[in-house]
Amino acid sequence: MQALDTQTTIAVIGAGAMGSGIAQVAAQAGHQVYLHDQREGAAEAGREGIAKQLQRRVDKGKMQQQDLDAILGRIRPVANLDEVADAGLVIEAIIEDLDIKRQLLANLEDLCTGDAILATNTSSISVTALGAGMKKPERLVGMHFFNPAPLMALVEVVMGLATSKAVAETVHATATAWGKKPVYATSTPGFIVNRVARPFYAESLRLLQEQATDAATLDAIIREAGQFRMGAFELTDLIGHDVNYAVTNSVFNAYFQDPRFLPSLIQKELVEAGRLGRKNGQGFYPYGEGSEKPEPQTEPAHQTDETMVIAEGDLGAATPLLQRLREAGLTIIERDGPGQLRFGDAVLALTDGRMATERAANDGISNLVLFDLAFDYSKASRLALAAADQTSEAAVSSACALLQKAGIAVSLLADRPGLVVMRTVAMLANEAADAALQGVATVADIDLAMKAGLNYPEGPLSWSDRLGAGQVFNVLTNIQNSYAEDRYRPALLLRKNAFAQKGFYS
């Protein structure tokens, strides 16, 4: 299916930050754009906001003045809704209220030509529900942009039960022509991103509630080991806790209180206290004038004269750590074994989802210290460690010293299942696998959505494959056994792939 021709006029209803951003995207692609808002003067203000954004690009030499003028010349604020009647694509970006959106769509259906496509930018309301009252619901499709729309690449093209395949394909092709990375999704709660991303926040929040360590340390581990752009607490402070908590509750209730989406009591407290994040100066971190963000807990230097590391068996995802240790001047002796390192008094192993205390007892390992997953062990600047209760202080010191010799900062956590990055990635992959199983989107589109929509370093299903067949399934099984909670149940597709010894891209 071909994209809409640039001769097709686009209408955007709602001139807030999102609506104005969408109008800018369409105008930059060469379309004439109507921008309408029922609030007096809002459409003009939206266009002025676009002008200010683009003027900054001109001032920095990133855009020519004539290009700015041409874009603004294609954006026409309109005071009355009936002025958009000749638009070929109308995108509503108004308040997230089912009844108000339904009324607007009914009005647009009466105003616009029969072949005009009606799109909704909703992030949380069912496209099927929005179309239920329409005369021709097949012409309605979700076109969910991410904020800020001119900068964020992802567009979720969401199909309700009645959405025409041709309509969805046209919108998908049009988003591509606008320089976006569109993905198809079915109209289920949260679509792709707002559903699959829930564990990113939930696992850090739970670890904080369990006093594994503090917020600044958890954020640092997610960034410096996991290579995510921001930690969960930095990100929720930026989003706003009222917004993030509302989305979590929405998904939780939409899935009939499935414990996988259970909201956090800590975040509930923040919302009730009015600590909403950056927008009002206090969330997990203070943002007032002169405030300082707390530093992560980092182990002081641990001294040792030991230079020999014994690598027993296959370290799996942590194998690149060996080369980093060699480059630090350590001698590596490799021999058969269960996949662990011996250094001084310590036995170090990558977490498999069990607590170190449990694993040490079950496997008969003395002085066990577990280390966390890293996106790239050759570049990670920090790793989390957790020691078994049976482990000596000398062994903990040896484990810290080993990583410090490789230039890695160490954060020592209380012994919790799956540590930080491993359990976060495992739960992201789990939710992504469930979405794929239920036909919400393809494996490739889910991974693309999480990378393009949230800047993840890798799609969760691709990351799962890289860890090895069955690894995420085993980690989740062990975490579920530790908590005895349905929240950590492995998705059926993960289980199937584990027993077939194949990945999502096999």
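To keep things clear, this report deals only with the structure shown in the data block.

**Quick look at the pairing of strand 13 (residues 368-371)**
Argument step 1. Burial along strand 13 is two-sided: the face carrying Leu368 and Leu370 and the face carrying Val369 and Phe371 are both buried.
Argument step 2. Note: strand 12 (residues 346-350) against strand 13, four bridges, orientation parallel. Of the residues in strand 13, the one forming a bridge with valine 347 is leucine 368.
Argument step 3. A crossover links strand 12 with its parallel partner strand 13, the connecting element being helix 14 (residues 356-363), and its sense is right-handed.
Argument step 4. Pairing geometry for strand 13 and strand 14 (residues 382-387), over three bridges, is antiparallel. In the strand pairing of strand 14, leucine 370 is matched with alanine 386.

**Considering the side chain of glutamate 210**
Argument step 1. Looking at the secondary structure, you find glutamate 210 in the loop between helix 8 (198-209) and helix 9 (215-224).
Argument step 2. In this structure glutamate 210 comes out as buried when scored by relative accessible area, which is 19%.

**What about the sheet that holds strand 5 (residues 117-120)?**
Argument step 1. Here eight strands make up an open sheet; going across it, the order is 3-2-1-4-5-6-7-8 and the pairing mixed. For this open sheet the edge positions go to strand 3 (75-78) and strand 8 (181-186), each flanked by a neighbour on one side alone. Within the sheet, the average angular offset between the axes of one strand and its neighbour, ignoring direction, is 25°.
Argument step 2. Sheet topology note: the strand 6 (residues 140-145)/strand 7 (residues 154-159) ladder contains four bridges and is antiparallel. Considered in strand 7, the bridge of glycine 142 is made with valine 158.
Argument step 3. Of the strands in this sheet, strand 1 (10-13), strand 4 (89-92), strand 5 and strand 6 are in contact with helix 4 (residues 98-111), which crosses strand 5 at around 165°.

**Considerations on the pattern of salt bridges**
Argument step 1. Scanning all chains against the criterion turns up 30 salt bridges.
Argument step 2. Glutamate 431 is the partner of arginine 195 in a salt bridge, and the nearest nitrogen-oxygen pair spans 2.8 Å. You can see arginine 195 sitting in helix 7 (residues 193-196) and its partner glutamate 431 sitting in helix 16 (residues 421-437), a full 236 residues away along the chain. The pair formed by arginine 195 and glutamate 431 is uniform in burial state, with each residue classed as buried.
Argument step 3. One salt bridge in this structure joins arginine 354 and aspartate 352, with 2.8 Å as the shortest N-O distance.
Argument step 4. The exposure class assigned to arginine 354 is buried, which follows from its relative accessible area of 14%.
Argument step 5. Under the relative-accessibility criterion, aspartate 352 is labelled buried at 17%.
Argument step 6. Sharing partners across several salt bridges, the network here consists of Arg195, Asp258, Arg260, Glu431, Asp434, Asp486 and Arg489.

**A few points about the packing of aromatic side chains**
Argument step 1. Across all of its chains, the model carries eleven aromatic pairs by this definition.
Argument step 2. Seen in terms of ring centroids, phenylalanine 375 and tryptophan 463 are 5.2 Å apart; in terms of plane orientation they differ by 85°. Their pairing is edge-to-face. Highlighted residues: phenylalanine 375 in the loop between strand 13 and strand 14 and tryptophan 463 in helix 18 (residues 460-467), separated in sequence by 88 residues.
Argument step 3. A relative accessible area of 17% means that phenylalanine 375 is categorised as buried.
Argument step 4. By relative accessible area, tryptophan 463 is classed as buried at 2%.
Argument step 5. Measuring from centroid to centroid gives 5.1 Å for tyrosine 483 and tyrosine 488, while their planes differ by 20°, and the two rings are stacked. The pair tyrosine 483 / tyrosine 488 is uniform in exposure class, with both members buried.
Argument step 6. Here a set of aromatic residues connected by ring pairs shows up, and it is made of Phe200, Tyr201, Phe228, Phe375, Tyr456 and Trp463.

**Thoughts on the pairing of strand 9 (residues 308-312)**
Argument step 1. Where burial is concerned, most of strand 9 is hidden: four out of the five residues are buried.
Argument step 2. Judged from the five bridges that link them, strand 9 and strand 10 (residues 331-335) form a sheet pairing that is parallel. By the bridge assignment for strand 10, isoleucine 310 is matched with isoleucine 333.
Argument step 3. Read as a crossover between parallel neighbours, the route from strand 9 over helix 13 (residues 320-327) to strand 10 is right-handed.
Argument step 4. One ladder, built from three bridges, connects strand 9 with strand 11 (residues 340-343); its direction is antiparallel. Bridged to glutamate 312 within strand 11 is glutamine 340.

**Quick word on the environment of alanine 17**
Argument step 1. With respect to the helices, strands and loops of the structure, alanine 17 is situated in helix 1 (residues 17-28).
Argument step 2. For the pair alanine 17 and asparagine 497, spaced 480 residues apart in the sequence, the C-alpha separation amounts to 43 Å.

**Quick look at the packing of helix 19 (residues 471-483) against helix 20 (residues 492-500)**
Argument step 1. For the pair helix 19 and helix 20, the least separation of the axes is 8 Å and the interaxial angle reads 120°. One way to sum up the angle between helix 19 and helix 20 is to call them oblique. The element helix 19 and its partner helix 20 pack so that their crossing is left-handed. Across from Val472, Phe473 and Leu476 in helix 19, the residues of helix 20 making contact are Leu494, Arg495, Ala498 and Phe499.
Argument step 2. By residue class, the composition of the contact of helix 19 with helix 20 is six nonpolar, no polar and one charged.

Calculation rules
- Residues numbered from 1 in each chain as written.
- Predicted model: local features only at pLDDT ≥ 70, side-chain atom pairs only at ≥ 80, totals over all residues.
- Heavy atoms only, no water.
- Buried < 20%, exposed > 50% of the residue type's maximum accessible area, 1.4 Å probe, protein only.
- Helix = DSSP H or I, 4+ residues; strand = E, 2+ residues; numbered from the N terminus.
- Pairing = 2+ DSSP bridges.
- Right-handed = clockwise from strand over helix to strand, strands pointing away.
- Axes fitted to C-alpha atoms, helices over the stretch in contact; angles between N-to-C directions.
- Contact = heavy atoms within 4.5 Å.
- Salt bridge = Lys/Arg side-chain N within 4 Å of Asp/Glu carboxyl O.
- Phe/Tyr/Trp six-rings, centres within 6.5 Å; stacked < 30°, edge-to-face > 60°.
- Parallel < 35°, antiparallel > 145°, perpendicular 65-115°, else oblique.
- Left-handed = near helix turned anticlockwise from the far one by under 90°.
- Nonpolar A, V, L, I, M, F, W, Y, C, P; charged D, E, K, R; others polar.

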